[in-house]
Amino acid sequence: MSPRTRSGSSSAARVIAVVADILAFIIILWILMYLLDANRGNDFVQWVHDAARWLAGWSYDLFTFDKAWANVVTGYGLAAVVYLFIGHAVAGRLRRG
């Protein structure tokens with residue numbers, strides 16, 4: 001493999017890992033805001049909530065618990081872990097590729 005191709009793969013891997021980290025960060029930020037009872041009337045808090053809800057839409061109601069905080073932590077947390085795992089796995093594969 002030429003150094004140019006390897007460098008391109010490395011750059012793509014870095015971008016994928018950073019995107020996965022940002023997606024997970026947004027979700028984790030919402031979990032923290034929820035647990036700390038952030039003001040939902042605040043525009044930034046609302047934006048983070050909307051973004052996290054969209055990103056975790058597939059996992060949010062996957063599990064149900066009696067406590068609302070447990071639903072938020074597991075529903076959103078699962079999405080964050082999956083984004084990190086898949087993003088970094090794909091990035092690692094590209095680096096080795």
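The shown structure was predicted, so the numbers you read here are calculated from the model rather than taken from an experiment.

Chemist: Explain the side chain of Asn71 to me, and be specific about the residues and the numbers.
Modeler: Following the sequence through the fold, Asn71 ends up in helix α3 (residues 68–96). Its relative accessible area of 16% is what places Asn71 among the buried residues. The contact partners of Asn71, leaving out residues within four places of it in the chain, are Tyr60, Phe63, Thr64, Phe65 and Tyr76.

Chemist: Talk me through helix α2 (residues 43–55); I want residue IDs and the actual numbers.
Modeler: Across its 13 residues, α2 extends 18 Å between first and last C-alpha, which sits within 8% of the 18 Å expected from 1.5 Å per residue. Buried within α2 are the following residues: Val45, Val48, Ala51, Ala52 and Leu55. Buried residues of α2, seen end-on, are gathered within an arc of 135° and therefore sit on one face of the element. Exposed residues pointing more than 90 degrees away from the buried face of α2 are listed as Asp43, Trp47 and Trp54. Where α2 starts, the residue carrying a side-chain oxygen 2.7 Å from the main-chain nitrogen of Phe44 turns out to be Asn42.

Chemist: Talk me through the nonpolar core; I want residue IDs and the actual numbers.
Modeler: One finds Ile27, Trp30, Ala52, Val72 and Tyr76 to be the most contacted residues of the largest nonpolar core, which totals 17 residues. Of all elements in the fold, only α1 (3–35), α2 and α3 reach the threshold of two or more residues within this core. Tallying contributions element by element places α1 first for this core, with 6 residues. With residues up to four places along the chain from it excluded, the contact list for Val72 reads Trp30, Ile31, Tyr34, Tyr60 and Gly77.

Parameters at a glance
- Residues numbered from 1 in each chain as written.
- Predicted model: local features only at pLDDT ≥ 70, side-chain atom pairs only at ≥ 80, totals over all residues.
- Heavy atoms only, no water.
- Helix = DSSP H or I, 4+ residues; strand = E, 2+ residues; numbered from the N terminus.
- Buried < 20%, exposed > 50% of the residue type's maximum accessible area, 1.4 Å probe, protein only.
- Contact = heavy atoms within 4.5 Å.
- Expected span 1.5 Å × (residues − 1).
- Arc of directions from axis to C-beta.
- Polar contact = N/O pair within 3.5 Å; in protein donor to acceptor, adjacent residues only side chain to side chain.
- Core = buried A, V, L, I, M, F, W, Y, C linked by side-chain atoms within 4.5 Å.

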